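Below, each chain spelled out in residue letters.
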Amino acid sequence: MKSSLLKRILKWILYSISILIILVLIGFLYIFRNAIYNRYIEYPREKKAWEELRNEYQPPIYDDGWEDYAGVCHSHSELSHDSQVPFERILQSLKQEKRQFICISDHCDDGKADYSKQWRGEHDGVIFIPGYEMGYGFMPWGLPPTVVLDCKKEPEPLAQEIEQYGGLLFFAHSEEPREWQLPQLKGMEIYNIHTNFKSIDRKTLINKLAPDIILNLNKYHEQLLRSIFQPLTEVIGRWDEMNITRKIVGIGANDCHENVGFVGKITPQGKLYVEDTSPKKIGEYELNFFTRLLLRIFFGKLEPGKTIFHIQLDPYPTMVSYVATHILAHELSEQSVLDALREGRVFVGFEMLAESKGFVFFAEDGNTKAVSGEKIPLSSTLSLKMASPYPCKFIIYRHGVFAQEHEGRDFSWTPKEAGKYRIEAQLKLNGKWVPWIYTNPIEIL
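The paragraphs below set out a description of the structure included in this document.

Analysis parameters
- Residues numbered from 1 in each chain as written.
- Predicted model: local features only at pLDDT ≥ 70, side-chain atom pairs only at ≥ 80, totals over all residues.
- Heavy atoms only, no water.
- Pairing = 2+ DSSP bridges.
- Helix = DSSP H or I, 4+ residues; strand = E, 2+ residues; numbered from the N terminus.
- Axes fitted to C-alpha atoms, helices over the stretch in contact; angles between N-to-C directions.
- Contact = heavy atoms within 4.5 Å.
- Parallel < 35°, antiparallel > 145°, perpendicular 65-115°, else oblique.
- Left-handed = near helix turned anticlockwise from the far one by under 90°.
- Nonpolar A, V, L, I, M, F, W, Y, C, P; charged D, E, K, R; others polar.
- Salt bridge = Lys/Arg side-chain N within 4 Å of Asp/Glu carboxyl O.
- Buried < 20%, exposed > 50% of the residue type's maximum accessible area, 1.4 Å probe, protein only.
- 1 Å grid on protein atoms, 1.4 Å probe; cavity = no way out; pocket = protein on both sides within 12 Å on 5 of 7 lines; lining within 4 Å.
- Points joined across faces, edges and corners; volume = space filled by probe spheres on them.
- Disulfide = S-S within 2.5 Å.
- Phe/Tyr/Trp six-rings, centres within 6.5 Å; stacked < 30°, edge-to-face > 60°.

### Examining the sheet that holds strand E10 (residues 168-171)
At step 1: Spatial ordering of the open sheet is given by E8-E10-E11-E12, a layout of four strands whose pairing is mixed. Among the strands making up the open sheet, the edge pair consists of strand E8 (138-141) and strand E12 (249-253). Across the sheet, the axes of successive neighbouring strands diverge by a mean angle of 35°, strand direction being ignored.
At step 2: Sheet analysis places E8 next to E10, joined by four bridges and oriented antiparallel. Residue pairing for E10: phenylalanine 138 is matched across the bridge by phenylalanine 171.
At step 3: Contacting E8 and E10, helix H4 (residues 155-164) runs over the sheet at an angle of about 10° to E8.

As structure tokens, this is what we get:
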């Protein structure tokens, strides 16, 4: 009798455990369904498509007469309150990703922007240009090391002071309300990855992005990060509209921080201490038998002081590689970079997909050429020429309105009317056309 009862109890326990395991498995599959699809289908397809595209590189057939230098605009260092990355490691990241200049944009320190504190000039072949990200979206570069700006000053007098010292005023986070009417404004971000992050609602973050990060961050980091990309249509529309009556130079923003991540450590008291990588404390947690067992299974021996996990969505090199701002110059120096940014000899390329160095866009009439940011008279013999190291779709816009398109590696087109013309180049990946390059406009008079 006892034996029979014991068998029934054991059978019931095993049955309950089996049901529990099945329910847990069903729950896991439901929560991670998108992440599982991405891991085994979508991201491998994306990675393969990128690799196949990169193997199709060919030097473009046109030459615009300028050297092309790729760099980073909008980037933070350990001088910002929300970044811990020293300049030595920034340099290492830039060299790893073949970037030749960086325009820094640290946050103000105690309301001040001291242009003597950051790296400046050439460091092991890379040009460092000091700068700060201030209130009102101000992001001025090109100021002397003796300058200390009051970041709390009102926009108009602050813009006037920046101009007085010879600085270039760009606006960061162009999706936000800005003082667009300021005559000192020289340029704006036409893309910032942080803007894409901000557009992700809480439901999407919890239900889709978080499982994706847990399951795919290590193996498909680049594809995961690229999955949040959305073109900033409204921002680009504003940029086009303003460029009809004035020159506003468009740049890409990397917004490097290396602060979107989590670190878990074991304290001397045996607790789990978790902080984000700003760094900011999230919490300190007591461990019981089960939580300690789980941590040991996943992370090994729990020794006091040991960092048991470090999840980082935005490593500095990855953010550097995501997008590049290219300038056209005859030499690489602090002044040549600033001159190109001032004049608009600039294009933006999403390098994580494929390197955009070598892309050319210019207007030609006989022996006369004009590149982005320059002017050229309209004539019956004038043509817009463009060439790409990869097959792409060239889309020509006049004042932000579609004018013409062509698929291939190069294209020559004759405009019929004056105006400002720019190119959006797209790559075809897995049957879809995706934005790859935005040029600044050429003005045809």
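### Some points on the packing of helix H2 (residues 33-54) against helix H6 (residues 202-216)
At step 1: Relative orientation of the contacting elements H2 and H6 amounts to 55°, with a least axis distance of 8 Å. The angle between H2 and H6 places the two elements in the oblique class. In terms of crossing hand, the pair formed by H2 and H6 is right-handed. Residues Asn34, Ala35, Ile36, Asn38, Arg39 and Tyr43 of H2 lie in contact with H6, whose contacting residues are Lys208, Pro211, Asp212, Leu215 and Asn216.
At step 2: Taken together, the residues that form the contact of H2 with H6 break down as five nonpolar, three polar and three charged.

### Let's talk about the pattern of salt bridges
At step 1: If you walk through the whole model with that rule in mind, you get 16 salt bridges.
At step 2: Residue lysine 117 pairs with aspartate 109 through a salt bridge whose shortest N-O separation is 3.2 Å.
At step 3: With a closest N to O distance of 2.6 Å, lysine 198 and glutamate 176 form a salt bridge. With a gap of 22 residues between them, lysine 198 in helix H5 (residues 193-198) and glutamate 176 in the loop between E10 and strand E11 (185-192) connect regions that are remote in the sequence.
At step 4: On the accessibility criterion, glutamate 176 (32% relative accessible area) is partly exposed.
At step 5: Here the salt bridges do not stand alone but share partners, grouping Glu175, Glu176 and Lys198 into one network.

### Observations regarding unusual backbone geometry
At step 1: At histidine 74, a position not held by glycine, the phi torsion is positive, near 75°.
At step 2: With respect to the secondary-structure elements, histidine 74 resides in the loop between strand E1 (67-73) and helix H3 (87-96).
At step 3: For histidine 173, which is not glycine, the phi dihedral falls at a positive 50°.
At step 4: Among the structural elements, histidine 173 can be located in the loop between E10 and E11.

### Examining the layout of surface pockets
At step 1: The computed volume of the largest pocket comes to approximately 1,400 Å³.
At step 2: When residues of the lining of the largest pocket are traced back to their parent elements, those giving at least two are H5, H6, strand E13 (261-266), strand E14 (272-276), helix H9 (289-299) and strand E16 (307-312).
At step 3: Roughly 800 Å³ of internal volume is contained in the second largest pocket.
At step 4: In this structure, the second largest pocket is lined by 27 residues; those nearest its centre are Glu42, Tyr43, Arg226, Ser227 and Ile228.
At step 5: Considering each element in turn, the lining of the second largest pocket owes the most residues, eight residues, to H2.
At step 6: By residue class, the composition of the lining of the second largest pocket is eleven nonpolar, nine polar and seven charged.

### What to know about the sheet that holds E13
At step 1: Strand order in the open sheet formed by four strands is E15-E14-E13-E16, and the pairing between neighbours is antiparallel. What marks the edges here is a single partner per strand, and that holds for strand E15 (280-285) and E16. Shown here is a sheet whose adjacent strand axes are inclined to one another by a mean of 15°, direction ignored.

### A short note on the state of the cysteines
At step 1: According to the stated counting rule, one finds one disulfide in the structure shown.
At step 2: Shown here is the disulfide that connects cysteine 108 with cysteine 151, its sulfur atoms set 2.0 Å apart. Residues cysteine 108 and cysteine 151 share a disulfide whose torsion about the S-S bond is about -85°; that sign makes it left-handed. Taken together, the residues span a long stretch of sequence, with cysteine 108 in the loop between strand E3 (106-107) and strand E4 (112-114) and cysteine 151 in the loop between strand E9 (148-150) and H4 at a distance of 43 residues.
At step 3: Exposure remark for cysteine 151: the relative accessible area of 9% places this residue in the buried category.
At step 4: Counting only cysteine sulfurs, cysteine 103 is the nearest neighbor of cysteine 73, a cysteine outside any disulfide, at a range of 4.2 Å.
At step 5: Residue cysteine 73 is classed as buried on the basis of its relative accessible area, which comes to 0%.

### Observations concerning the packing of aromatic side chains
At step 1: Here the structure, examined in full by the defined rule, presents 23 aromatic pairs.
At step 2: Ring plane angle 15° and centroid distance 5.5 Å describe the contact between phenylalanine 87 and tryptophan 119, whose orientation is recorded as stacked. Note that phenylalanine 87 is positioned in helix H3 and tryptophan 119 in the loop between E4 and strand E5 (121-123), a separation of 32 residues in sequence.
At step 3: The exposure class assigned to phenylalanine 87 is buried, which follows from its relative accessible area of 5%.

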